[in-house]
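# Structure assessment
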Amino acid sequence: MGSREVSWELLQFGVAGLKNGAIYALVALGFTIVYASTNVINFAQGEFYMLGGMFATFVFAHLGLPLGLAAVAAVVATAATAVVFELLAVRPRVGGDPMTIIIVTVGGSVLLRSLARHAFGSDELALPAFSQGGSIMVGGAAIDRQTLWVWGIAALAVAALWVLYTRTRLGRAMRATAVDGEAARLVGIDTRLLVTVSFGLAAVLGAVAGLVVTPLTQTAYDVGAAIGLKGFAAAILGGLGNPVAAVVGGIVLGLLESLSVAFISSTYKDAIALAVLLLVLFLRPSGLLGRTRREKV
Amino acid sequence: MSLLSAHGLTRRFGGLVAVDDVSLEVFEGTILALIGPNGAGKSTLFNLLTAFDRPNAGTVVFDGRDLAGMPPHRVVRLGLARTFQNTQLFEEMTALENVLTGAHTQTRTGWARAALRLPGTGREERLAREEAQRLLRLVGLAEVAHVHASDLPHGTRRLLEVARALASRPRLLLLDEPAAGLNNAETEQLARVLRQLRDGGVTLVVVEHDMGLVMDVSDEIVVLNEGRKIAEGPPLLIQKDPAVIAAYLGEEQLDA
């Protein structure tokens, strides 16, 4: 095999890594957004990803809406589910022991998974590709059209989030709350409302990731746990609580996984996230881009 | 007209009565200073007046509304803002962003409209930025607008906190030891700002140790000692009040 073929093959792995990385980045952003407003990890984040795909396939197959509308409906339905979950289960405990809220989100994750199984069944469900046509060849590497959709939509979501954080009152309030919740309340920010908003926003990002990837991977009621772990690892890798770090963490994790498939074996692909998670927690708990946090008293 | 009135405020911590049956009135368009020796209960009273802490007895009424049990973000919306002895800035945000965040209750654009970038959003954001710049100029911090709060020196941070509190367009602003740690020039700047604010219609309550500043700017002074109100009146009378002088003996001189 010539060296040129080897490099095309590497590029192919790079494409796959960036595709998965974009998805991990969206899920990691969901973790980061909820963490910023509550200081807790929302272990139901993976279920938002699952719901996005499941709602989309259901609306598309059974209600017969066009794909684009089905996607929008799925995002809205997922966000609504997350907001209801936050209002019923999380809000009564905001301000209490963070561990309680974490357990509530673990419970929420189990609940959402069971409900999805009852509502949509336990079969794998599929969604057609967003646009028709064969792969696009870049030299010796093939890029699936759906992968372009993944990149485009992820980039759009990240850009929208950036505008939100830097250019709007809501975004400033969210950042201020992340820095100092008490001071935020004192300047008139309703930090409880922000917790609800952050769940809704995290659900939008999770659902977008879940539905845009479904044409490539299919989906089922139980895909949330695995993607939740990947997204969590990505968020920790970058540095929890920092949106830029979540995106970087997601992309780095996706590439690491791909490289492991290229150089070691695909057997270990899913172990990479766990290994990364443990290594970061041992060696650099604040993440790649995180500053060491001062302990708040 | 009385903008804030406290009646019979009492706050106990275990066996200690930190604030003991204190009543006071803050009149619209005036500067009221709250003074007293260390441990007199000033900060406790301050927390009660801003509904940050709940009294064991007594009421606080702001503009005809009882503040009992009201969450902080609603108190701010009523037009009552405060600063802290220990500045609580948003460290990882710039001075300008800190002030903009202070304007949270003033910018009305809902998040859905903002997210969708509907017309009107950009204009409101621009107006908010202009207003924030104006407030930074007011406290003399225009040059550091884009510096992170964590990188600002102490005196500057205090003035920034005042600017941030002003961004909520309060009718009543309570400042907890605003001159602590300020140098002479900064204290003078602060005094100018306080007078300018009062003349612009903002009512002020100031807890302060710097007697020079207190005697200089306040219209009315309330003196606390061991949790009780021992005197109130204009600066000239307070300086001559025997009970006040007795309370301060050995503490510090009342020579403004």
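Residues numbered from 1 in each chain as written. Chains lettered and ligands numbered in written order. Predicted model: local features only at pLDDT ≥ 70, side-chain atom pairs only at ≥ 80, totals over all residues. Heavy atoms only, no water.

## A short note on the nonpolar core
If you look at the biggest cluster of nonpolar residues, it comprises 84 residues, and the most contacted ones within it are Ile-23, Leu-26, Leu-161, Met-174 and Leu-253 of chain A together with Phe-90 of chain B. Considering each element in turn, this core owes the most residues, 14 residues, to helix H8 (residues 191-217) of chain A. Here Leu-253 of chain A is in contact with Tyr-24, Lys-230, Ala-233, Ala-234, Leu-237, Ile-272, Ala-273 and Val-276 of chain A, once residues within four sequence places are set aside. Ranked by size, the runner-up nonpolar core spans 39 residues in total, among them Ile-31, Leu-96, Leu-166 and Val-206 of chain B. (Core = buried A, V, L, I, M, F, W, Y, C linked by side-chain atoms within 4.5 Å. Buried < 20%, exposed > 50% of the residue type's maximum accessible area, 1.4 Å probe, protein only. Helix = DSSP H or I, 4+ residues; strand = E, 2+ residues; numbered from the N terminus. Contact = heavy atoms within 4.5 Å.)

## Examining the confidence of the model for chain A
All names here are of chain A. Here chain A averages 90 in pLDDT, and 96% of its residues register 70 or above. Within chain A, no element has a lower average pLDDT than helix H7 (residues 181-186), which sits at 84, and none a higher one than helix H3 (residues 67-90), at 96. Contacts from residues 293-297, a stretch scored under 50 in pLDDT, to residues over four places away or in other chains number 7 contacts. (pLDDT = per-residue confidence, 0-100.)

## What about the packing of helix H5 (residues 145-167) of chain A against helix H6 (residues 169-179) of chain A?
Axes are the key here: two packed helices are described by the angle between their axes and the distance separating the axes. Residues and elements named next belong to chain A. Where H5 contacts H6, the axes come no closer than 5 Å and their chain directions differ by 80 degrees. Here H5 lies roughly perpendicular to H6, going by the angle between them. Counting all contacts with H5, which are made through Leu-164, Tyr-165, Thr-166 and Arg-167, the residues of H6 involved are Arg-169, Leu-170, Gly-171, Arg-172, Met-174 and Arg-175. Residues that form the contact of H5 with H6 fall into these classes: 4 nonpolar, 2 polar and 4 charged. (Axes fitted to C-alpha atoms, helices over the stretch in contact; angles between N-to-C directions. Parallel < 35°, antiparallel > 145°, perpendicular 65-115°, else oblique. Nonpolar A, V, L, I, M, F, W, Y, C, P; charged D, E, K, R; others polar.)

## A few points about the interface of chain A and chain B
Counting residues at the interface gives 23 residues for chain A, matched by 27 residues for chain B. Both faces combined, the contact of chain A with chain B buries some 2,500 Å², and carbon together with sulfur accounts for 59% of it. Counting the surface chain A buries against chain B, the share from its top three residues, Arg-169, Arg-172 and Leu-186 of chain A, is 30%. Summed over the shared surface of chain A and chain B, the result is 1 salt bridge. Where Arg-175 of chain A meets Glu-97 of chain B, a salt bridge forms, and the shortest distance between an N and an O atom there is 2.9 Å. Counting only elements with at least two residues in the side of chain A that touches chain B, the list comes to H5, H6 and H7 of chain A. When its residues are assigned to classes, the side of chain A that touches chain B shows 10 nonpolar, 3 polar and 10 charged. (Buried area = accessible area lost by both parts, 1.4 Å probe. Salt bridge = Lys/Arg side-chain N within 4 Å of Asp/Glu carboxyl O.)

## Some thoughts on the pattern of salt bridges
Oppositely charged side chains may form a pair once their charged atoms are brought near each other. In total, this model carries 18 salt bridges over all chains according to the counting rule given. Measuring nitrogen to oxygen at the nearest pair gives 3.9 Å for the salt bridge that ties Glu-130 of chain B to Arg-126 of chain B. Remark: Arg-126 of chain B and Glu-130 of chain B occur in helix H5 (residues 121-138); sequence separation between them is 4 residues, near one turn of the helix. Assessed through its relative accessible area of 48%, Arg-126 of chain B is described here as partly exposed. A salt bridge links Glu-131 of chain B to Arg-134 of chain B, with the shortest nitrogen-to-oxygen separation between them at 3.0 Å. Within this pair, Glu-131 of chain B and its partner Arg-134 of chain B are both found in helix H5, separated by 3 residues, close to a single helical turn. A relative accessible area of 22% means that Glu-131 of chain B is categorised as partly exposed. Residue Arg-134 of chain B is classed as partly exposed on the basis of its relative accessible area of 40%. Each of Lys-230, Glu-257, Lys-269 and Asp-270 of chain A takes part in salt bridges that share partners, so that together they form one network.

## Thoughts on the packing of aromatic side chains
Residues and elements named next belong to chain A. Counted by the stated rule, this structure contains 7 aromatic pairs over all chains. Consider the rings of Phe-130 and Trp-149, whose centres lie 5.4 Å apart with planes at 70 degrees: the pair is edge-to-face. Residue Phe-130 is found in the loop between helix H4 (98-120) and strand S1 (136-138), and its partner Trp-149 is found in helix H5; the two are separated by 19 residues along the sequence. Judged by its relative accessible area of 36%, Trp-149 is partly exposed. (Phe/Tyr/Trp six-rings, centres within 6.5 Å; stacked < 30°, edge-to-face > 60°.)

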